[in-house]
Amino acid sequence: MPRLPLVSTVDKLEGAAWLDPAAGTVSRLVRKALPWRRVTDALHGVPLGHPLHPLMVIVPLGAWVSAAVLDLLPGNERAAKTLVGLGVVTAVPTALTGVTDFSQLDTPQQRTGVVHQGANAVATGLFLASWFVRSQGNHGRGKILSFAGLGISGIGGFLGGHLSYRQGAGVNRNEDLPEEVQEGWHPLGPVDSFPLGQLRRAMLGSVPLMVLRQAEQDAGGSPSSPDVSVLADTCSHLGGPLHEGHLQQVRGELCVVCPWHGSTFSVRRGEVMHGPATAPQPVFSTRVLNGQLEVSLTGAPE
């Protein structure tokens, strides 16, 4: 089946380098305007465990669709105007969550994202104009502007879906890890081969792991619980290699900071301490047996 022209056009946006200046300007402005980590974490959705933006979108879009339904029925001018205004007001915080996520995306994603933002800005402007002309009693023109805005917002929504489902923005990069790692304990190599206090990469089959050995441990003939932290090396945000990041204390807890976008995770618990990541890093149980470091994703019995 041939692809729709809109799909082909959106695919081309990923390689449209001429969009980079606009995307870069938006990213710089957002990072400059939002320097506080707790604010950006909230806007990313860190407390929720998944991005906040998709949840916020429901309110303005729902208000505008409801207004369109009322516009098709007689005698609902006041209610439709109220819903149009509600959509405009709530579009502002919704856009703020969106541009916060956008500022931490890869270049191809930002190229699509900046057009997504532009479409939504135009749609919001049309709805704002609709509210003003409705306030002046011209409900006929207000309806036309609202339907135009709804059409443009549909294009923006299509681009948002492309970002999420085609380009993987906001998707947990480690969701399939339990299917890739077999149950039980797996050797990673001699525990002494991992230097103290340094992030190292190890491979468990095809799965990259981040290893941090924090103290000397006994390596006798019986299993022990070494002071070694092992996380999935692939950052849950956009796949950055955590072993290339750096260590940092956050709220009294040792954390690893992703080198790509600064997502910060507890090295012991994998919990997200700072975004843009919202999904935690998978944590592997560890033990030392005959001098060999072994790991288990499921914490299998010995």
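Here, every reference points to the structure presented above.
To keep things clear, this report deals only with the structure shown in the data block. Please read all numbers here as calculations on a predicted model, not as lab measurements. (Residues numbered from 1 in each chain as written. Predicted model: local features only at pLDDT ≥ 70, side-chain atom pairs only at ≥ 80, totals over all residues. Heavy atoms only, no water.)

1. Quick notes on the overall build of the protein
So, point 1. If you tally the helices and strands in the protein, you get eight helices and ten strands.
So, point 2. Computed over its C-alpha atoms, the radius of gyration of the protein comes to 24 Å, more than 25% above the 19 Å expected for a compact globule of 302 residues.
So, point 3. With the C-alpha coordinates aligned to their principal axes, the bounding extent of the protein is approximately 85 × 45 × 35 Å.
So, point 4. Across the 302 residues that make up the protein, the buried fraction comes to 47%.
So, point 5. As presented, the protein carries roughly 15,100 Å² of accessible surface, and 60% of it is formed by carbon and sulfur atoms.
So, point 6. Between the centroid of the 22 positive side chains of the protein and the centroid of its 23 negative side chains there is a distance of 14 Å. (Helix = DSSP H or I, 4+ residues; strand = E, 2+ residues; numbered from the N terminus. Rg over C-alpha atoms; globule rule 2.2 N^0.38 Å. Buried < 20%, exposed > 50% of the residue type's maximum accessible area, 1.4 Å probe, protein only. Areas by Shrake-Rupley, 256 points an atom, 1.4 Å probe, with all protein chains shown as cover. Lys, Arg positive; Asp, Glu negative; His and termini not counted. Charge placed at Lys NZ, Arg CZ, Asp CG, Glu CD.)

2. Looking at the sheet that holds strand 6 (residues 253-257)
So, point 1. One open sheet holds the four strands; their spatial order is 5-6-7-8, and the pairing between them is antiparallel. A strand with exactly one partner marks an edge of an open sheet, and here the two such strands are strand 5 (246-250) and strand 8 (272-274). Across the sheet, the mean angle from the axis of one strand to that of its neighbour is 40°, orientation sign disregarded.
So, point 2. Two elements, strand 7 (residues 264-266) and strand 8, share two bridges in a ladder whose sense is antiparallel. Counted as the bridge partner of Thr264 is His274 from strand 8. (Pairing = 2+ DSSP bridges. Axes fitted to C-alpha atoms, helices over the stretch in contact; angles between N-to-C directions.)

3. Some points on the packing of aromatic side chains
So, point 1. Applying the stated criterion across every chain, the model contains two aromatic pairs.
So, point 2. Aromatic side chains Trp64 and Phe127 sit 4.1 Å apart centroid to centroid with 5° between the ring planes, which places their arrangement in the stacked category. Placement of the pair is Trp64 in helix 4 (residues 53-71) and Phe127 in helix 6 (residues 107-135), with a sequence separation of 63 residues.
So, point 3. Where Trp131 meets Phe132, the ring centres are 5.4 Å apart and the plane angle is 80°; that geometry is what we call edge-to-face. (Phe/Tyr/Trp six-rings, centres within 6.5 Å; stacked < 30°, edge-to-face > 60°.)

4. What about the sheet that holds strand 4 (residues 228-232)?
So, point 1. Reading across from one edge, 1-10-9-4-3-2 is the order of the six strands in this open sheet, with antiparallel pairing throughout. Edge positions in the sheet fall to strand 1 (186-190) and strand 2 (199-204), since each has one partner strand and no second. Averaged over neighbouring strand pairs, the angle between their axes works out to 35° when direction is ignored.
So, point 2. In this sheet, strand 3 (residues 207-213) lies alongside strand 2 in antiparallel orientation, the contact comprising six bridges. Looking at the pairing, Arg201 lines up with Met210 of strand 3.

5. Let's talk about the nonpolar core
For soluble globular proteins, the rule of thumb is that nonpolar side chains tend to be buried together.
So, point 1. Among the nonpolar cores identified, the biggest contains 17 residues, and Leu188, Leu209, Val211 and Phe284 are the most heavily contacted of them.
So, point 2. Secondary structure elements with two or more residues in this core: strand 2, strand 3, strand 4, strand 9 (283-289) and strand 10 (292-296).
So, point 3. Not counting residues within four places of it along the chain, the set of residues in contact with Val211 comprises Leu188, Phe194, Gln198, Leu199, Arg200, Ala202, Val228, Ser229, Val230 and Leu293.
So, point 4. Among the nonpolar cores identified, the runner-up in size contains 13 residues, and Met210, Leu231, Leu242 and Phe265 belong to it. (Core = buried A, V, L, I, M, F, W, Y, C linked by side-chain atoms within 4.5 Å. Contact = heavy atoms within 4.5 Å.)

6. Some points on a negative patch on the surface
So, point 1. A cluster of acidic side chains, namely Glu175, Asp176, Glu179 and Glu180, defines a negative patch on the protein surface.
So, point 2. Within the secondary structure layout, Glu180 lies in helix 8 (residues 177-180). (Patch = residues over 30% accessible without salt bridge, like charges linked within 9 Å, V, L, I, M, F, W, Y side chains within 5 Å. Salt bridge = Lys/Arg side-chain N within 4 Å of Asp/Glu carboxyl O.)

7. Side note on the pairing of strand 5
So, point 1. Bridging between strand 5 and strand 6 involves five bridges; their strand directions are antiparallel. Across the sheet, the residue bridging to Val250 is Glu253, located in strand 6.
So, point 2. The loop that links strand 5 with its antiparallel partner strand 6 comprises two residues; one of these, Arg251, has a positive phi angle of about 50°.

8. Some words on helix 4
So, point 1. For helix 4, spanning 19 residues, the distance from its first C-alpha to its last is 27 Å, which sits close to the expected 27 Å at 1.5 Å a residue.
So, point 2. Against the buried residues of helix 4 lie helix 5 (77-102), helix 6 and helix 7 (139-166). (Expected span 1.5 Å × (residues − 1).)

9. Concerning the pattern of salt bridges
So, point 1. A complete count under the given rule lists nine salt bridges for this structure.
So, point 2. Here Asp227 makes a salt bridge to Arg268, at a shortest N to O gap of 3.0 Å. In this pair, Asp227 is assigned in the loop between strand 3 and strand 4 and Arg268 in the loop between strand 7 and strand 8, connecting sequence segments 41 residues apart.
So, point 3. On the accessibility criterion, Arg268 (48% relative accessible area) is partly exposed.
So, point 4. Glu253 is the partner of Arg269 in a salt bridge, and the nearest nitrogen-oxygen pair spans 2.7 Å. Residue Arg269 is found in the loop between strand 7 and strand 8, and its partner Glu253 is found in strand 6; the two are separated by 16 residues along the sequence.

10. What to know about the packing of helix 2 (residues 20-33) against helix 5
So, point 1. Running from N to C, helix 2 and helix 5 cross one another at 110°; their axes reach a closest spacing of 9 Å. Here helix 5 runs roughly perpendicular to helix 2, going by the angle between their axes. Between helix 2 and helix 5, the contacting residues are Ala23, Val26, Ser27 and Val30 on the first element and Val99, Thr100 and Phe102 on the second.
So, point 2. The class makeup of the residues in the contact of helix 2 with helix 5 is five nonpolar, two polar and no charged. (Parallel < 35°, antiparallel > 145°, perpendicular 65-115°, else oblique. Nonpolar A, V, L, I, M, F, W, Y, C, P; charged D, E, K, R; others polar.)

Read these as layout, nothing more, since geometry by itself doesn't imply function.
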